[in-house]
Amino acid sequence: MTDTDQTASGLARETALLLEGLGASLKAGDAIVVRSPIDGSVLARLAEAGADETTAAIGRADAAFRDWRRVPAPKRGELVRLLGEELRIHKAALGRLVSLEVGKITSEGLGEVQEMIDICDFAVGLSRQLYGLTIATERPNHRMMETWHPIGVVGVISAFNFPVAVWSWNAALAFVCGNSVVWKPSEKTPLTALAVAAIFERAVARFRAEGGTAPDGLLEVVVGGRASGEALVDDPRVPLVSATGSTVMGRAVGPRLAKRFARAILELGGNNAAIVCPSADLDLTLRGVAFAAMGTAGQRCTTLRRLFVHYSVYDRLVPRLKKAYGSVKIGNPLEVGTLVGPLIDERAFTAMQAALAAATKAGGTVTGGARATVAGCEGGFYVAPALVEMPEQCGPVVEETFAPILYVMRYSDFDEVIRLHNAVPQGLSSSIFTTDMREAERFVSAEGSDCGIANVNIGPSGAEIGGAFGGEKETGGGREAGSDSWKAYMRRTTNTVNYGTTLPLAQGVVFDVE
Ligand code: NAD
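Bear in mind that the values here come from a model prediction, so they are computed numbers and not experimental data. (Residues numbered from 1 in each chain as written. Predicted model: local features only at pLDDT ≥ 70, side-chain atom pairs only at ≥ 80, totals over all residues. Heavy atoms only, no water.)

Draft legend 1. Structural view of empty space enclosed by the protein. In this structure the tally under the stated criterion is one cavity of 30 Å³ or more. Counted as a void, the largest cavity has a volume near 80 Å³. Looking at the largest cavity, it is lined by 13 residues, and the ones nearest its centre are G103, K104, T296, A297 and Q299. (1 Å grid on protein atoms, 1.4 Å probe; cavity = no way out; pocket = protein on both sides within 12 Å on 5 of 7 lines; lining within 4 Å. Points joined across faces, edges and corners; volume = space filled by probe spheres on them.)

Draft legend 2. Inspection of the pattern of salt bridges at higher detail. One pass over the structure, following the stated rule, counts 27 salt bridges. Of the charged contacts in the structure, one is a salt bridge between R208 and D216, with a shortest N-O distance of 2.9 Å. R226 serves as the salt-bridge partner of E230, at 3.0 Å between the closest nitrogen and oxygen. Of this pair, E230 and R226 are both found in helix α8 (residues 226-234), four residues apart, which corresponds to roughly one turn of the helix. Relative accessible area serves as the criterion here: at 63%, R226 is assigned to the exposed category. (Salt bridge = Lys/Arg side-chain N within 4 Å of Asp/Glu carboxyl O. Helix = DSSP H or I, 4+ residues; strand = E, 2+ residues; numbered from the N terminus. Buried < 20%, exposed > 50% of the residue type's maximum accessible area, 1.4 Å probe, protein only.)

Draft legend 3. Structural context of the domain arrangement of the protein chain. We note that the domain assignment places domain 1 (10-268 + 476-493) and domain 2 (272-464) within the protein chain. On a C-alpha basis, the centres of domain 1 and domain 2 stand 30 Å from each other. The interface is formed by 22 residues belonging to domain 1 together with 27 residues belonging to domain 2. Both faces combined, the contact of domain 1 with domain 2 buries some 1,800 Å², and carbon together with sulfur accounts for 60% of it. The residue K188 makes a salt bridge to D345 at a minimum N-O spacing of 3.6 Å. Applying the counting criterion to the domain 1 and domain 2 interface returns four residue pairs in polar contact (both at pLDDT 80 or more). Listing elements by their share of the side of domain 1 that touches domain 2, those giving two or more residues are α4 (91-102) and α5 (106-126). Ranked by residues supplied to the side of domain 1 that touches domain 2, first place goes to α4 with five residues. Grouping the amino acids of the side of domain 1 that touches domain 2 by side-chain chemistry returns nine nonpolar, five polar and eight charged. (Domains from an automatic or database assignment. Contact = heavy atoms within 4.5 Å. Buried area = accessible area lost by both parts, 1.4 Å probe. Polar contact = N/O pair within 3.5 Å; in protein donor to acceptor, adjacent residues only side chain to side chain. Nonpolar A, V, L, I, M, F, W, Y, C, P; charged D, E, K, R; others polar.)

Below is the structure:
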């Protein structure tokens with residue numbers, strides 16, 4: 001990375017002011033250097049929490065859990081309601097901080113905070129709906145039921161690209177379910193996490209002022225790298241870890257959790273595809289594809305990376321798509337009108353160039369992909385999004401490269417394209433563009449897309465918090481956010497109550513003792 005290492009750069013000053021305004025507390029040090037991808041300037045230098053500090057944080061969170069689980073769930077929901085209010089109040093500041101630290105365009109930075117607000121609203125309602133079933137029992141004068149209890153300390157490990165929303169998808173549920181949270185954010189984006197911790201403390205202060213009981217340690221943020229992540233993963237006091245990041249990370253974390261029989265919510269890499277059928281509405285498809293493939297500079301887990309276009313519409317869609325690729329505004333994400341901001345760092349740029357070279361070698365024709373110069377942001381890594389026409393699905397197409405590369409392929413047979421769609425190791429999100437009801441229904445059926453998310457006539461990118469979010473295969477199998485994802489954050493007990501005077505055994509077993 002070009003070193004525009006000026007701690008007093010404009011972006012650093014603005015970041016410091018925003019953090020101060022939110023009341024965030026930073027532990028200065030040299031271990032973690034936070035740079036803005038916008039121009040490469042240093043935003044802060046922080047101390048790194050090692051294994052010992054993480055273990056201490058888990059101890060505090062464990063103590064908090066023991067008090068918090070006794071607070072009635074709707075009261076716990078009140079704390080999350082206040083968190084949602086505080087996020088509304090500080091939406092502009094936090095959204096701006098997301099843009100400064102991650103390089104998201106303004107609307108996406110604010111959109112990320114909106115997702116946090118939405119999940120808080122969802123969790124508040126949920127706090128009155130943590131219900132179990134009553135189940136028919138075979139024995140007279142007995143009742144069988146399920147009850148849901150808080151599980152303990154929930155570890156949250158998050159990735160750089162959704163530095164705050166992913167935390168909230170887990171934490172809002174965890175809190176109403178009666179758990180405490182230890183959060184290890186990405187070492188690339190600790191500042192937004194510290195800002196969220198300060199916002200959470202404001203909600204706690206209001207909750208206490210209303211007479212609520214909220215123990216210290218309900219949320220612990222550990223700013224660290226792999227050592228603190230591993231300490232969190234290995235600690236027996238943490239019964240559930242929700243880890244978001246690359247498949248490489250999942251391969252390290254998953255077995256460690258399995259070794260101690262802990263629960264895992266793994267939210268890992270995606271390699272998302274869309275199929276464009278002969279009957280597709282091409283105007284709608286163009287917009288859906290362009291946003292899903294180029295939005296967030298291709299740095300969403302749900303980014304569209306593979307596009308299968310029926311040969312009969314290929315020449316009507318792909319030239320228009322290339323035109324859109326050529327005209328999209330790349331630049332400083334803080335400027336109005338910019339649609340594509342920077343990559344997170346030089347490593348991401350190098351990985352993108354390597355994937356494009358491999359695609360060319362495999363017979364692909366690349367449009368775009370070169371480094372773009374943005375005035376005043378020379379230390380950032382900006383790229384023209386790349387559209388690569390591939391003769392077949394091979395080489396880098398079956399991998400996730402976390403950058404704006406869209407591989408485009410022709411198809412002619414529907415069964416074959418479904419097979420190709422599913423013929424990658426990842427299984428996060430997917431789409432079909434069609435107005436043919438049979439194709440749409442096939443795609444979302446058991447024989448269709450094998451992903452956790454399967455959409456019709458909208459792109460694969462992004463998700464509403466109301467649905468369960470996650471994917472299959474190497475994406476890890478975890479689910480978070482809406483629907484009944486909350487069940488992973490609680491432990492279920494099955495209770496049988498005998499209100500009679502005899503003791504009939506199940507399955508007709510006779511075991512009479514005098
Ligand atoms: P990353 O894997 O480099 O890091 C993610 C987090 O894991 C960081 O906090 C990191 O410190 C931590 N970590 C890494 N190795 C660890 C270990 N051995 N033990 C414990 N913690 C460890 O990912 P990234 O570059 O920050 O994010 C991009 C990746 O995340 C992409 O692959 C993207 O698809 C994926 N992602 C997935 C989802 C999803 O919901 N499926 C959402 C966002 C991002």
